[in-house]
2 protein chains.
Amino acid sequence: MTSAGDPADMTTRLEQQLSFIKELDKLKSISRRSYLINEDRFERSAEHSWHISVIAMLLAEYANEPVDVDRVIKMMLIHDVVEIDAGDVLVYDVKGREDVVEKEKEAADRLFGLLPDDQGGELRSLWDEFEARETADSMYAAAIDRLMPIIHNYETQGRSWQEHNVNREMALTFNKHMKDGSDDLWQYVKNLFDVAVEKGYLQE
Amino acid sequence: MTSAGDPADMTTRLEQQLSFIKELDKLKSISRRSYLINEDRFERSAEHSWHISVIAMLLAEYANEPVDVDRVIKMMLIHDVVEIDAGDVLVYDVKGREDVVEKEKEAADRLFGLLPDDQGGELRSLWDEFEARETADSMYAAAIDRLMPIIHNYETQGRSWQEHNVNREMALTFNKHMKDGSDDLWQYVKNLFDVAVEKGYLQE
């Protein structure tokens, strides 16, 4: 092991790390509004976090600017942990999204605060960066975070779009920041919306 | 975007990547034998993959030899995708583990084969390395892969241990390769087994 010294210090540090690790188990119980492609149930936030972490690794070549894939993967791994306290709020729910901002910050304080300061600080600053969406890494991260729910909707004949009365105009407006991270993926998604409208999955 | 040239080539490549990405959704339906800490159901393999990818990031200081954390995270993200075709087999099921080896290799051929060659090759070699458990990165990966089910068992009063008649001797034997990746974590786990026996969670 590379950490310094005293076994008592090591035990305290490991206990802090494990308290965070055990808390993470709760993200497996947070429901999103996306339906799985192959099973009739909502996706959970932990599953989504895994899926887009893999996606981060595979689609980086489509980012508008070069990104640090390893950093983006870490960002994706922890981008939704605040939902443990604050819950998942639909991207199309404007009022809900505004209300949850403060709750998510408090959640970040509590959750990342369980870790030793060095690690908690690193994860917190990755989360802050993801939320601010000002760097190349976080703009790419935001683009792939939006890509997967759109694919889930398309692959389930627009099930969640229909349940929340989402039409093409809303889909374009609420996802347009994808363009800041990836023109290519945004182009792909716009085409998918067109086909979805043709097929009746998405309202005109 | 950084990939070269012709839009038609880009489309084909993206379609290959998305076919793999959509296939990954199935890992969210593969049940493990670990019970969640806060919800009365089995953990799914996709959730587990997320959890230990985060853990890889947090516990690297306890690895016996220095590891490349970014590589280990990628290894963890894809280490169980073969279960999409081959299913999850309990670590204590010796015959089942032997039978599944060939199936897992075929699954790796099929699944990683969906990707463009460069990316499929990279993920396949990470998976092969994880399975062979000969490098510092893969020995650390194997140690944390075993850590979390033990914590799940302990936190649910040994529920899965009891359902599969696991006693301390078996727990020590089937997890002892943790020591190759991390003496510190192995020491922690051995102590946890002692407490679990005292509390009646694990048979003597």
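Up top you'll find the structure we're talking about.
Residues numbered from 1 in each chain as written. Chains lettered and ligands numbered in written order. Predicted model: local features only at pLDDT ≥ 70, side-chain atom pairs only at ≥ 80, totals over all residues. Heavy atoms only, no water.

Structural notes on the interface of chain A and chain B
Test applied: Contacts are assigned to residue pairs that have any heavy atoms within 4.5 Å of one another. Buried area counts how much accessible surface, traced with a 1.4 Å probe, disappears from two parts once they are put together, with both parts' losses summed. Take a side-chain nitrogen of Lys or Arg and a carboxyl oxygen of Asp or Glu: if they are within 4 Å of each other, that pair is a salt bridge. In the analysis that follows, any N or O atom pair within 3.5 Å is treated as a polar contact, provided that within protein one partner can donate a hydrogen and the other can accept it, and provided that, for residues neighboring in sequence, both atoms belong to side chains. Labels follow the DSSP assignment, with helices taken as runs of H or I lasting at least four residues and strands as runs of E lasting at least two, numbered in each case from the N terminus. Residue type decides the class: Asp, Glu, Lys and Arg count as charged, Ala, Val, Leu, Ile, Met, Phe, Trp, Tyr, Cys and Pro as nonpolar, and the leftover types, Gly among them, as polar.
Residue-level contacts link 56 residues of chain A with 56 residues of chain B. Buried area between chain A and chain B, summed over both chains or domains, comes out near 5300 Å², and the portion from carbon and sulfur atoms is 64%. Looking at the side of chain A facing chain B, the largest losses of area belong to Lys28(A), Trp50(A) and Glu61(A), adding up to 15% of the total buried there. At the boundary of chain A and chain B, one finds ten salt bridges. Of the charged contacts in the structure, one is a salt bridge between Lys74(B) and Asp70(A), with a shortest N-O distance of 3.5 Å. Across the chain A-chain B interface, the total number found is 36 residue pairs in polar contact (both at pLDDT 80 or more). When contributions to the side of chain A that touches chain B are tallied by element, the ones reaching two or more residues are helix 1 (7-24), strand 2 (42-44), helix 2 (45-58), helix 3 (69-78), helix 6 (117-132), helix 7 (136-155) and helix 11 (183-199) of chain A. Looking at the side of chain A that touches chain B residue by residue, the class counts come to 29 nonpolar, eleven polar and 16 charged.

Focus on empty space enclosed by the protein
To find leftover empty space, a probe the size of one water molecule is rolled over the atoms. To keep things clear, this is the line we draw: Note on definitions: the grid is 1 Å and covers protein atoms alone; a cavity is a set of points where a 1.4 Å probe fits but cannot get out; a pocket is an open set with protein on both sides within 12 Å along at least five of seven lines; lining residues have an atom within 4 Å of a point. Grid points are joined across faces, edges and corners, and a volume is the space filled by probe spheres set on the points.
Applying the stated criterion to the full structure yields two cavities of 30 Å³ or more. A volume near 50 Å³ is recorded for the largest cavity. Contributing to the lining of the largest cavity are Ala63(A), Asn64(A), Glu65(A), Val67(A), Ala136(A), Met139(A), Tyr140(A), Asp180(A) and Gly181(A). Counted by class, the lining of the largest cavity contains five nonpolar, two polar and two charged residues. Lining of the second largest cavity is provided by Ala63(B), Asn64(B), Glu65(B), Val67(B), Ala136(B), Met139(B), Tyr140(B), Asp180(B) and Gly181(B). For the lining of the second largest cavity, the elements supplying multiple residues, two or more each, are helix 7 (136-155) and helix 10 (178-181) of chain B. It is helix 7 of chain B that provides the largest number of residues to the lining of the second largest cavity, a total of three residues. Class assignment of the residues belonging to the lining of the second largest cavity gives a composition of five nonpolar, two polar and two charged.

Remarks on the pairing of strand 1 (residues 31-35) of chain B
All names here are of chain B. Quick note on the threshold: Strand pairing is assigned whenever DSSP identifies at least 2 bridges connecting the two strands.
Pairing analysis gives two bridges linking strand 1 to strand 2 (residues 42-44), with the strands arranged antiparallel. Looking at the pairing, tyrosine 35 lines up with phenylalanine 42 of strand 2. What sits between the antiparallel neighbours strand 1 and strand 2 is a turn of six residues.

Observations regarding the side chain of His51(B)
As a reminder, the rule being used: The rule is simple: take the accessible area with a 1.4 Å probe, protein chains only, and divide by the maximum for that residue type; under 20% is buried, over 50% is exposed, in between is partly exposed.
Along the polypeptide, His51(B) turns up in helix 2 (residues 45-58). Residue classification places His51(B) among the buried positions, given a relative accessible area of 0%. The contacts of His51(B), once residues within four sequence positions are left out, are Ile21(A), Leu24(A), Asp25(A), Lys28(A) and Met148(B).

Topic: the packing of aromatic side chains
How we decide: Any two rings among Phe, Tyr and Trp, with Trp reduced to its six-membered ring, count as a pair given centres within 6.5 Å; such a pair is stacked if its planes are under 30 degrees apart, edge-to-face if over 60, and tilted if neither. Only when the NZ of Lys or the CZ of Arg is both within 6 Å of the ring centre and within 35 degrees of the ring normal is a charge said to sit over the ring.
The full count for this structure, using the stated rule, is ten aromatic pairs over all chains. When the ring of Phe20(A) is compared with that of Phe112(A), the centres are 6.2 Å apart and the planes differ by 35°; the resulting orientation is tilted. Separated by 92 residues along the polypeptide, Phe20(A) in helix 1 and Phe112(A) in helix 5 (residues 94-112) bring together distant segments of the chain. Phe112(A) carries the same exposure label as Phe20(A), and that label is buried. Look at Tyr92(B) and Phe174(B): their rings are 5.1 Å apart centre to centre, the planes differ by 55°, and that puts the pair in the tilted class. Within this pair, whereas Tyr92(B) is found in the loop between helix 4 (83-86) and helix 5 (94-112), its partner Phe174(B) is found in helix 9 (residues 168-175), the two being separated by 82 residues in sequence. The buried category is assigned to Tyr92(B), whose relative accessible area is 15%. Given the relative accessible area of 23%, Phe174(B) is considered partly exposed. Just above the ring of Tyr35(A) sits the side chain of Arg159(A); from NZ or CZ to the centre is 3.7 Å.

Notes on the side chain of Lys74(B)
Within the element layout of this structure, Lys74(B) appears in helix 3 (residues 69-78). Looking at Lys74(B), its side chain comes within polar contact range of the side chain of Asp70(A), at 3.5 Å. Contact partners of Lys74(B), with chain neighbours within four places excluded, come to Met57(A), Asp70(A), Ile73(A), Glu122(B) and Leu126(B).

A look at the packing of helix 5 of chain B against helix 6 (residues 117-132) of chain B
All names here are of chain B. This is how the line gets drawn: Fitted lines through C-alpha atoms serve as axes, helices being fitted only where they are in contact, and the angles separating the N-to-C directions of these axes extend from 0 to 180 degrees. Here the word oblique covers every angle except those under 35 degrees (roughly parallel), over 145 (roughly antiparallel) and from 65 to 115 (roughly perpendicular). Note on convention: near helix rotated counterclockwise from far helix by under a right angle means a left-handed crossing. Clockwise means right-handed.
Relative to each other, helix 5 and helix 6 sit at 160°, their axes nearing to 9 Å. Between helix 5 and helix 6, the crossing angle belongs to the class labelled roughly antiparallel. Crossing of helix 5 against helix 6: the hand is right-handed. Contact residues: helix 5 offers Glu104, Lys105, Ala108, Asp109 and Phe112, while helix 6 offers Gly120, Leu123, Arg124, Trp127 and Glu131. Here the residues of the contact of helix 5 with helix 6 are counted per class, giving four nonpolar, one polar and five charged.

By themselves these figures say nothing about function.
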